[in-house]
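Survey of secondary and tertiary structure
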Amino acid sequence: MDELIYSSATTLAQMIRAKKASSVEVVEAYLRRIEEVNPKINAVVQLLAEPALSRAREADEATSRGESWGPLHGVPVTAKDAIEISGVPATGGTKGRASHIPTRDATVITRLRDAGAIILGNTNVPELCLAGESDNLIYGRSNNPYDLSRTPGGSSGGEAANIAAGGSPMGLGSDVGGSIRQPAHYCGIAGIKPTTGRVPTTGHWPPLNGLLGPMFQIGPLARRVEDLALALPILSGVDWHDPYVVPIPLGESSKVDVKTVRVAFLTDGGGGVETDDDTRQAVVSAAQALSDAGASVTEARPTGFVAGYDLKKAVNHADGGVGVRRLLEEAGTTETHALIRWLQDLDEASALSGPELADLLARLDTWRSGMLSFMEDYDAILSPTWATPAVPHGTVLDGWPWVSFTLHHNLTGWPAAVVRAGTSSGGLPIGVQIAARPWREDVALVLAHRVEEALGGWKPPPL
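Residues numbered from 1 in each chain as written. Predicted model: local features only at pLDDT ≥ 70, side-chain atom pairs only at ≥ 80, totals over all residues. Heavy atoms only, no water.

1. Description of the overall build of the chain
Quick reminder of the rule: The secondary structure listing takes helices from DSSP runs of H or I that are at least 4 residues long and strands from runs of E that are at least 2 residues long, numbered from the N terminus. The quantity called the radius of gyration is restricted to C-alpha atoms. Its globule counterpart is 2.2 Å times the number of residues to the power 0.38. Buried, partly exposed and exposed residues are distinguished by accessible area as a fraction of the type maximum, computed with a 1.4 Å probe on protein chains only: under 20%, between the cut-offs, and over 50%, respectively. Whether two residues touch is decided by their heavy atoms; if any such pair falls within 4.5 Å, the residues are in contact. Method for areas: the Shrake-Rupley scheme with a 1.4 Å probe, in which residue coverage is limited to the protein chains shown.
Secondary structure assignment for the chain yields 15 helices and 13 strands. Taken against the 2.2 N^0.38 rule, which gives 23 Å for 463 residues, the C-alpha radius of gyration of the chain at 20 Å falls within 12% of a compact globule. Each principal axis of the C-alpha atoms in the chain carries an extent, and together these give about 60 × 55 × 45 Å. Counting the 463 residues in the chain, one finds 61% classified as buried. Contacts in the chain between residues far apart in sequence, at least 24 positions, make up 77% of those at least 6 positions apart. Element-wise, carbon and sulfur atoms account for 50% of the exposed surface of the chain, whose accessible area totals about 16,500 Å².

Structure, rendered in structure tokens:
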């Protein structure tokens, strides 16, 4: 069974096409694995066992006729409980939506189905997807498969934990401040936040729009980087609903010559934003791996990098909590999780007046211009993902946002991938982040793949 549950989605698709494994065998293997590990990690919150098996049988019948549904024919996948699946409860982690049943798939779910994928179910999130720990009043708390006393992160924490533990080969997360990349780092898997406007967010609840709209993207998570490259062309492109999506061609990472790529790397955020020794070493090891592969690698940090922390914090809380209150009212939620109450207190204390908001937006554009100017000399930035490996439950708010290296690339909108590059002295995964120029997901992915090849990437958890 390990051959199936620990294979990449790319390999599984090849096995099914070559009739070396049936879709039913693959789906059954993942269902058994979920049954084994989910009581420990509480990652999968809605399991679609019978529909998935029925669809797998149809996939095998199609294979026997010489038909293919697409590049993911017969391969099971999952998605976080914010990306709507028709007929399946979609709560966004808030009690008012505990019984909400969508009647339509999110655009990205439709695209996965059209590519032949089989939807296994959805995975746990924090309330409103607005915290770094996946815990809510409907489904409870998800645990990190490498240490159950620690969080798998948020808001795509249930998704990352399930994939890391072998419950799915690939899945969907979303990211407005690090919600794909922090869980990927905490759980030792790969993930990418695409460029803003690459993938439609239609059918995601909550709809993160307004000031946060240009900073928000849906993207894939997987154990192997090759699966991110497989998924992105499937997910990308205009759907005529999401107003941010731009029809810009997606480059192929296989066509990127690493020897032509210029990489800046940094091990801390400047201004007192420090990383622990294990994390710093993982970045240095990744930088060496890229240098060995022929890339030009230089230690350098954008001049205004540290200012990104205050800017993202100001943007997040600028409305004084109006957006959060509106979402709770829309959902019909009257009882909220402690993480949301903490957020509401911070929102109310950080509200901006009209002139203050105008000043913030002007400063944000100036900062973005400075970041873009830095990239005139580089093709990618290698950095930590988070200042430490996964933290114990209940401590995720400590130091926020000063432990993050992800939020900068929500402000810029640039693509950023995460891949495991090390292990802490306590046995926890450490991922590094590779951000690229806008629309150059191909560069981020080829560099992540090189790091994965050199340093091993994902490793099975001790479950």
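There's more to say after this.
2. Describing the pattern of salt bridges
A side chain with one charge can pair with a side chain of the opposite charge if their charged atoms come near. For clarity, the threshold we go by: For salt bridges, the criterion is a side-chain nitrogen of Lys or Arg within 4 Å of an Asp or Glu carboxyl oxygen.
Per the counting criterion, the structure on display carries 19 salt bridges. Of the charged contacts in the structure, one is a salt bridge between Glu252 and Lys255, with a shortest N-O distance of 3.6 Å. We classify Lys255 as exposed; its relative accessible area is 64%. For the salt bridge of Asp359 with Arg363, the shortest nitrogen-to-oxygen distance reads 3.0 Å. Of this pair, Asp359 and Arg363 both sit in helix 13 (residues 354-374), four residues apart, which is roughly one turn of the helix. Taking relative accessible area as the criterion, Asp359 reaches 42% and is therefore assigned partly exposed. On the basis of relative accessibility, which here comes to 44%, the residue Arg363 falls in the partly exposed class.

3. Things to note about the side chain of Asp239
Under the convention used in this document: Counting rule applied: Lys, Arg positive; Asp, Glu negative; His and chain ends not counted. Pairs of N or O atoms are called polar contacts if they sit within 3.5 Å, as long as, within protein, a hydrogen donor faces a hydrogen acceptor (for residues adjacent in sequence, only side-chain-to-side-chain pairs).
Mapped onto the fold, Asp239 is located in the loop between helix 8 (225-235) and strand 9 (262-265). Notably, Asp239 is buried but unbridged: the nearest opposite-charge side chain belongs to Arg111, and the N-O separation is 5.5 Å. Polar contacts involving the side chain of Asp239 include one to the side chain of Thr107, which spans 2.7 Å. Here the side chain of Asp239 touches Thr202 through a polar contact of 2.7 Å, side chain to side chain.

4. Brief notes about the pairing of strand 8 (residues 217-222)
For clarity, the cut-off: DSSP-based pairing: two strands are paired if at least 2 bridges between them are found.
For strand 8, the tally of buried residues reaches six of six residues, placing the bulk of the element in the interior. In this structure, strand 6 (residues 170-175) lies alongside strand 8, joined through six bridges in antiparallel fashion. Bridging from a neighbouring strand, Leu172 pairs with Pro220 of strand 8. Where strand 7 (residues 190-193) and strand 8 come together, two bridges link them in antiparallel fashion. Residue pairing in the sheet places Gly191 in a bridge with Leu221 of strand 8.

5. Quick word on the packing of aromatic side chains
Here is the rule: Only rings of Phe, Tyr and Trp enter the pairing, Trp through its six-membered ring, and a pair is recorded when the two centres are within 6.5 Å. The plane angle decides the type: under 30 degrees is stacked, over 60 is edge-to-face, the rest tilted. Remark: a charge is flagged as sitting over a ring if the NZ atom of Lys or the CZ atom of Arg is within 6 Å of the ring centre and within 35 degrees of the ring normal.
If you walk through the whole model with that rule in mind, you get six aromatic pairs. Pairwise contacts between aromatic rings join Phe305, Tyr309, Trp402 and Phe405 into one cluster. Taking the ring centre of Trp458 as reference, the NZ or CZ of Arg223 above it sits at 5.4 Å.

6. Concerning the sheet that holds strand 11 (residues 380-384)
For clarity, the threshold we go by: All axes here are fitted lines through C-alpha atoms, helices being fitted over the stretch that makes contact, and every angle between N-to-C directions spans 0 to 180 degrees.
Within the open sheet, the 11 strands sit side by side as 1-3-2-6-8-7-12-13-11-9-10. Their pairing is mixed. In the strand order of this sheet, the two ends are held by strand 1 (44-47) and strand 10 (296-299), each with one partner. Averaged over all neighbouring strand pairs, the angle between strand axes comes to 25°, with direction disregarded.

7. Describing the nonpolar core
Which entries qualify depends on this criterion: In these notes, a set of buried Ala, Val, Leu, Ile, Met, Phe, Trp, Tyr and Cys residues joined through side-chain atoms within 4.5 Å is what counts as a nonpolar core.
Leu382, Val432 and Leu447 are the most contacted members of the largest nonpolar core, which totals 77 residues. If we skip the residues at most four places from it in the chain, Leu382 touches Val263, Ala264, Phe265, Leu266, Val283, Ala286, Ala287, Leu290, Val432, Gln433 and Ile434. Grouped together as the second largest cluster of nonpolar side chains are 32 residues, Met215, Phe305, Met375 and Leu407 included.

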